[in-house]
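Working through the structure, step by step
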Amino acid sequence: MHSEASKLPDSQTEQENIDAAVMWQSVYDTLSRSIPANFFNIFFDSVKAKKYDGKQLLLSADNDKIVDHLRNRYLDKIEEAASHTAGKSVKIALLHEPGQAEPASESSAVAAPSDLDKITINPKYTFDRFIRGPSNEHAYAAALGAAENPSDYHNPLYIYGNVGVGKTHLMMAIANRLIANKPSYRVKYSPAETFQNELYDAIARKSVNSLKARYRNVDVLLFDDIQFIAERANYIQEEIFHLFNFLYQQKKQIVISGDRPPQQLATLHDRLQSRFQSGLIVDIKAPNFETRLAILQRKASEMNLSVPMEVHKYLAARFTQHVRILEAALIKLQFTSQLEKHPIDLQMTKIALRDMPSESNGQQVSIDEILRVVSRTFHVNEDEIKGSSRVENIVLARHACMYLAKNLIPTMSLKGIAEAFGKTDHTTVMHAEKKMIELMDKDNSLRVQMEELSNELKF
Ligand code: ADP
Ligand code: MG
């Protein structure tokens with residue numbers, strides 16, 4: 001019976017804790033969409049919501065630098081997001097609350113990275129926790145190569161991809177691996193924007209030389225989100241060029257991330273571009289459906305969260321671009337389930353995530369995508385599907401493609417669909433659809449498979 005009692009928020013404090021957590025969750029979601037991911041991770045992941053009494057939200061973090069930074073830079077934004085959620089003005093109070101001692105200088109006394117260097121590396125971002133799939137395995141392998149063999153790897157290593165696909169995770173995985181395996185190595189993780197701010201600061205304080213010395217005195221430099229720099233002043237780019245050149249000549253590993261390939265950073269100086277071209281360039285794409293599923297399952301198990309498979313599939317189908325949103329969805333479900341004291345199910349999921357943006361909203365399904373998923377699911381080459389083979393499983397895959405195209409691309413004519421698959425006559429598509437319906441009536445597992453494909457494509 002004590003379990004009954006302990007489930008209810010029986011004191012006002014407990015209710016305030018829950019309210020604070022829910023409020024913070026909403027603020028967190030909102031801000032995660034407007035603050036660059038690497039900053040967001042560093043400064044917001046360690047914040048705890050302590051109390052919300054309807055007027056004030058009390059937050060704490062255990063690192064005083066983080067608290068200072070949040071106060072100076074983000075207080076307005078946090079207040080704005082909280083007020084928006086509450087529908088009235090909410091004030092924010094920020095508390096520095098030292099937690100467990102930070103791993104102090106013992107192990108790294110020689111390397112002595114600055115305090116700020118330490119807080120920037122999130123220990124959770126490891127290779128082990130990175131789920132691999134076709135979208136990211138090259139980048140994973142390259143990052144691992146740089147981490148295992150930092151003085152003798154492709155240099156620089158340039159990793160690019162859209163926001164939220166795991167670039168920062170991989171960079172920090174390099175740092176974490178090196179901290180574990182080569183503790184004497186000096187590893188510096190630096191978001192480009194931080195570098196820029198430090199440089200401006202140093203100019204103001206007339207301490208540019210000591211800043212340069214600090215950056216040159218590293219064995220591995222992890223330079224995140226270079227696209228922020230590409231738009232900036234010549235002076236910054238000059239300094240970066242000299243820094244990279246220096247490290248390169250000393251055979252120090254440089255890893256850079258950006259949101260697009262170097263040649264597309266239009267305002268980036270040629271000298272920097274050609275420096276990048278001479279190294280290794282790898283990309284990370286948005287994870288495919290299977291990888292999204294695997295990521296969700298892993299994250300849910302890390303959170304100790306029990307999530308039915310149909311919910312995982314729903315999430316993987318609905319959120320297609322950013323891994324961060326998948327995480328945010330799980331966190332939201334966790335809170336909802338705690339609040340409602342009900343296990344997570346599909347219905348709860350749909351309601352709880354009603355307001356989250358569906359990432360593929362309005363996007364037209366394309367023939368290419370249909371080909372890709374059908375080819376993958378039916379284990380038939382795309383070329384075979386478009387060809388004229390009469391082998392049974394190839395014909396089935398071809399019919400499945402036409403069926404999906406007819407049902408998911410309303411703007412396409414039957415003739416257009418037929419032509420997309422190398423046929424001339426629009427009745428081919430009608431025939432294919434009829435055939436698929438017959439088969440699905442007979443074979444329920446085929447029907448389920450087609451429904452899943454169509455969900456995957458639709459979102
Ligand atoms: P980016 O730097 O490309 O914007 P992040 O590295 O910040 O993206 O990733 C966003 C979030 O998604 C992080 O919490 C990260 O751990 C997670 N994530 C991204 N890709 C993967 C993956 N393949 N496996 C596990 N987690 C991932
Ligand atoms: Mg990032």
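This text follows the structure it describes.
What comes next is a walk through the structure.

This part takes up the overall build of the protein. The helix and strand inventory of the protein stands at 22 helices and eight strands. Looking at the 459 residues of the protein, the share that counts as buried comes to 47%. For the protein, the share of sequence-separated contacts (at least 6 apart) that also reach a separation of at least 24 residues comes to 73%. Working note: accessible area of the protein is about 22800 Å², and carbon and sulfur atoms make up 50% of it.

The next subject is the nonpolar core. Core analysis: the biggest nonpolar cluster contains 53 residues, and Trp-24, Phe-44, Leu-57, Leu-70, Ile-78, Ile-174 and Leu-222 have the highest contact counts within it. Summarising the domain contributions, this core has at least three residues from each of domain 1 (4–103) and domain 2 (107–284). Counting 30 residues, the second-largest nonpolar core is a separate cluster that includes Ile-370, Cys-401, Leu-408 and Met-440.

Here the focus is the site of ligand 1. Taken together, 20 residues lie near ligand 1, and Ile-131, Gly-164, Lys-167, Thr-168 and His-169 sit nearest. Within the contact set of ligand 1, an oxygen atom lies 3.1 Å away from a side-chain nitrogen or oxygen of Tyr-125. Backbone polar atom of Gly-164 to an oxygen atom of ligand 1: 2.6 Å apart, as the coordinates give it. Burial of ligand 1 by the surrounding chains reaches 98%, relative to a free accessible area of 550 Å². The set of elements that each furnish at least two residues to the shell around ligand 1 consists of helix H3 (37–44), helix H7 (167–181), helix H13 (289–302) and helix H15 (323–340). Across the shell around ligand 1, the residue classes tally to eight nonpolar, seven polar and five charged. The residues that make up the shell around ligand 1 include at least three from each of domain 2 (107–284) and domain 3 (289–352).

All right, on to the sheet that holds strand E8 (residues 280–283) then. Spatially, the five strands line up as an open sheet ordered E5-E6-E7-E4-E8, and their pairing is parallel. Only two strands of the sheet have a single partner each, and these edge strands are strand E5 (187–191) and E8. Taken pair by pair, the neighbouring strands of this sheet meet at an average axis angle of 15 degrees, ignoring direction. Strand direction decides the pairing type here: strand E4 (residues 157–160) and E8, joined by four bridges, are parallel. Each residue of the ladder has a partner; that of Leu-157, found in E8, is Leu-280. Contacting E5 and strand E6 (220–224), helix H8 (residues 192–204) crosses the sheet at an angle of about 90 degrees to E5. Running at roughly 150 degrees to E6, helix H11 (residues 234–249) makes contact with E6 and strand E7 (253–258) of the sheet.

Here is what the cut-offs are and how they apply
- Residues numbered from 1 in each chain as written.
- Chains lettered and ligands numbered in written order.
- Predicted model: local features only at pLDDT ≥ 70, side-chain atom pairs only at ≥ 80, totals over all residues.
- Heavy atoms only, no water.
- Helix = DSSP H or I, 4+ residues; strand = E, 2+ residues; numbered from the N terminus.
- Buried < 20%, exposed > 50% of the residue type's maximum accessible area, 1.4 Å probe, protein only.
- Contact = heavy atoms within 4.5 Å.
- Areas by Shrake-Rupley, 256 points an atom, 1.4 Å probe, with all protein chains shown as cover.
- Core = buried A, V, L, I, M, F, W, Y, C linked by side-chain atoms within 4.5 Å.
- Domains from an automatic or database assignment.
- Near = heavy atom within 4 Å.
- Polar contact = N/O pair within 3.5 Å; in protein donor to acceptor, adjacent residues only side chain to side chain.
- Nonpolar A, V, L, I, M, F, W, Y, C, P; charged D, E, K, R; others polar.
- Pairing = 2+ DSSP bridges.
- Axes fitted to C-alpha atoms, helices over the stretch in contact; angles between N-to-C directions.

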